[in-house]
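Fold and geometry: a report
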Amino acid sequence: MPDTPVAPRLPAPARAPGWGRRIWLGRNANMIYAVVLAVIIASIFVPYFFSVTTVNFLLIDAVPILLMAMPMALIIITGEIDLSVASTAGLSAAVLGVLWENAHAHGNIWVMFVVCVVVGAACGAFNGFLITFVGLPSLAVTIGTLALFRGLALV
């Protein structure tokens, strides 16, 4: 039987690094190392750092920011900007405070929450109307409504 030539064995192609390698060796790895170091140091020196109470307080602080940041990401993806988000939240909170003060313990908190959501939605609809139908640039509109909503909250 004649010898059949065998194809030479090629080296395996280089694989792309996995997600773990990209995270720990990427450009932003220094920040990850700093956070890990801060957590280690805090767990050593701060009593009850890994307690349920600490996680609860962290979530209480982070949830309002996340609720504002997630829709803001969608706005930025479309190439627009909204600078009046915090002023809208402040106006809604001020409306809740006024409603709570005037309720004198017999008002329904859920109705107050709905009123605050409607106030926030009306502020957003006003911004959207000026940007989409009137055709004004989003940066100028939201700077103006930032001042408007903040002023209304102070009143």
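Located above this text is the structure these notes cover.
Bear in mind the structure is a predicted one, so any value in this text is a computation, not a measurement. (Residues numbered from 1 in each chain as written. Predicted model: local features only at pLDDT ≥ 70, side-chain atom pairs only at ≥ 80, totals over all residues. Heavy atoms only, no water.)

**Regarding the environment of Leu96**
Worth spelling out the cut-off: Numbering goes from the N terminus for both helices and strands, where a helix is a DSSP run of H or I of at least four residues and a strand is a run of E of at least two. Any residue under 20% of the maximum accessible area for its type is buried, any over 50% is exposed, and the rest in between are partly exposed; the area is computed with a 1.4 Å probe on protein chains only. Contacts are residue-level and defined by heavy atoms, with any inter-residue pair within 4.5 Å sufficient.
When you line up the elements, Leu96 lands in helix H4 (residues 85-103). Under the relative-accessibility criterion, Leu96 is labelled partly exposed at 23%. Each C-alpha atom of the pair Leu96 and Val115 lies 8.0 Å from the other, and the pair is 19 residues apart in sequence. In contact with Leu96, not counting residues within four places along its chain, are Ile109, Met112, Phe113 and Cys116.

**Thoughts on the packing of H4 against helix H6 (residues 138-154)**
Definition in use: Note on method: axes are straight lines fitted to C-alpha atoms, helices fitted across the in-contact stretch only, with angles between N-to-C directions ranging 0 to 180 degrees. The labels follow the angle: roughly parallel below 35 degrees, roughly antiparallel above 145, roughly perpendicular from 65 to 115, and oblique for the rest. Handedness of a crossing is defined here by the sense of rotation of the near helix relative to the far one, left-handed for an anticlockwise turn of less than a right angle and right-handed for a clockwise turn. Just so you know the grouping, Ala, Val, Leu, Ile, Met, Phe, Trp, Tyr, Cys and Pro go in nonpolar, Asp, Glu, Lys and Arg go in charged, and all remaining residues, Gly too, go in polar.
Put simply, H4 and H6 touch, their axes get as near as 8 Å, and they point 20° apart. When the axis of H4 is compared with that of H6, the two are roughly parallel. Read as a crossing pair, H4 and H6 show a hand that is left-handed. Within the contact between the two elements, H4 uses Ser87, Thr88, Gly90, Leu91 and Ala94 and H6 uses Leu146, Phe149, Arg150, Leu152 and Ala153. Each residue belonging to the contact of H4 with H6 can be placed in one class, and the counts come to six nonpolar, three polar and one charged.

**Describing the packing of aromatic side chains**
To keep it simple, the criterion reads: Centre distance within 6.5 Å is the pairing criterion for rings of Phe, Tyr and Trp, where only the six-membered ring of Trp is used; planes under 30 degrees apart are then read as stacked, over 60 as edge-to-face, and the remainder as tilted.
Scanning all chains against the criterion turns up three aromatic pairs. With 5.2 Å between their ring centres and 75° between their planes, Phe49 and Phe50 make a pair best called edge-to-face. For Phe49, a relative accessible area of 24% translates into the label partly exposed. Relative accessible area serves as the criterion here: at 64%, Phe50 is assigned to the exposed category. Their ring planes at 75° and their centres at 5.5 Å tell us that Trp110 and Phe113 sit as a pair that is edge-to-face. Separated by three residues within a single helix, Trp110 and Phe113 lie in helix H5 (residues 109-133), roughly one turn from each other. Since its relative accessible area comes to 61%, Trp110 is described here as exposed. Residue Phe113 is classed as partly exposed on the basis of its relative accessible area of 35%.

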